[in-house]
Each structure stands twice: as structure tokens, then as C-alpha cells.
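Breakdown of the fold
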Amino acid sequence: KTVWEDEVKQCTVRPIRFNSCDQSGSSGVVVIGLNPRCLFDEDYETFIELVVGQISNTITCARVFEQEKKKAEE
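Everything numeric in this text was worked out from a predicted model, so none of it was measured.

A few points about the overall build of the protein
- Per the secondary structure count, the protein includes one helix and two strands.
- Starting at the N terminus and walking to the C terminus, you meet the elements of the protein as β-β-α.
- Among the 74 residues that make up the protein, the fraction classed as buried is 19%.
- Looking at the protein as shown, the accessible area adds up to about 5900 Å², and 55% of this sits on carbon and sulfur atoms.

Quick word on the pattern of salt bridges
- If you walk through the whole model with that rule in mind, you get four salt bridges.
- In this structure, Glu 45 and Arg 14 form a salt bridge, with 2.9 Å as the shortest nitrogen-oxygen distance. Linking Glu 45 in helix 1 (residues 42-73) with Arg 14 in strand 1 (residues 11-19), this pair joins segments that are 31 residues apart in sequence.
- Across the salt bridge formed by Lys 71 and Glu 68, the nearest N and O atoms sit 4.0 Å from each other. Here Glu 68 and Lys 71 lie together in helix 1, a separation of three residues that amounts to about one turn.
- One network of salt bridges, in which partners are shared, links Arg 14, Glu 45 and Glu 49.

Some words on the nonpolar core
- With seven residues, the main nonpolar core is built from Ile 16, Val 30, Ile 32, Leu 34, Tyr 44, Ile 48 and Val 52.
- If you list the elements that add at least two residues to this core, you get strand 2 (24-33) and helix 1.
- If you tally residues by element for this core, the top one is helix 1, at three residues.
- Filtering out sequence-adjacent residues up to four positions away, Ile 48 remains in contact with Thr 12, Arg 14, Ile 32, Leu 34 and Phe 40.

Digging into the environment of Gly 28
- Position of Gly 28 relative to the elements: it lies in strand 2.
- Classification of Gly 28 by relative accessible area gives partly exposed; the value is 28%.
- Leave out the neighbours within four places in its chain, and Gly 28 touches Arg 14, Pro 15 and Ile 16.

Cut-offs and rules
Residues numbered from 1 in each chain as written. Predicted model: local features only at pLDDT ≥ 70, side-chain atom pairs only at ≥ 80, totals over all residues. Heavy atoms only, no water. Helix = DSSP H or I, 4+ residues; strand = E, 2+ residues; numbered from the N terminus. Buried < 20%, exposed > 50% of the residue type's maximum accessible area, 1.4 Å probe, protein only. Areas by Shrake-Rupley, 256 points an atom, 1.4 Å probe, with all protein chains shown as cover. Salt bridge = Lys/Arg side-chain N within 4 Å of Asp/Glu carboxyl O. Core = buried A, V, L, I, M, F, W, Y, C linked by side-chain atoms within 4.5 Å. Contact = heavy atoms within 4.5 Å.

In C-alpha cells, the structure reads:
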């Protein structure tokens, strides 16, 4: 069996948080399948938090860009 043949049987759900000029809070969630061959330990948890942080930052940047674009158009 290769790694790709193993079924994902567990996942973790994390809030996607964003901060922008006029809003703060959750904008949704991300569902991440956990590798069945890896122990869900502190290092794995840290990795997931870093991934979720990057997703949150990307959403924040996109929202700020859209707000600035809207202001410029007005």
C-alpha cells in the first residue's frame, strides 16, 4: 500500500479568523484531514495552526485589497 491508498478517517475543524479595518471574527472554518500514518501530537497541531494562520492572513489581505479598491472607485 502507498500513502495515497490509506483512507483519512479523522479530521480537525478550525475557525478561519480575519482582522480588517472594520471587522474582526470568524469568516468560516477549514476542515483538514489528518494523515492516518502520523500521530496527532503537539508538532502536528503546530503545523495545522500555521496552515490555518496562512489561510486567515490570505483572506485578510484579500478583504483589505477589496476595501481599498472599493474606496478608490468611489
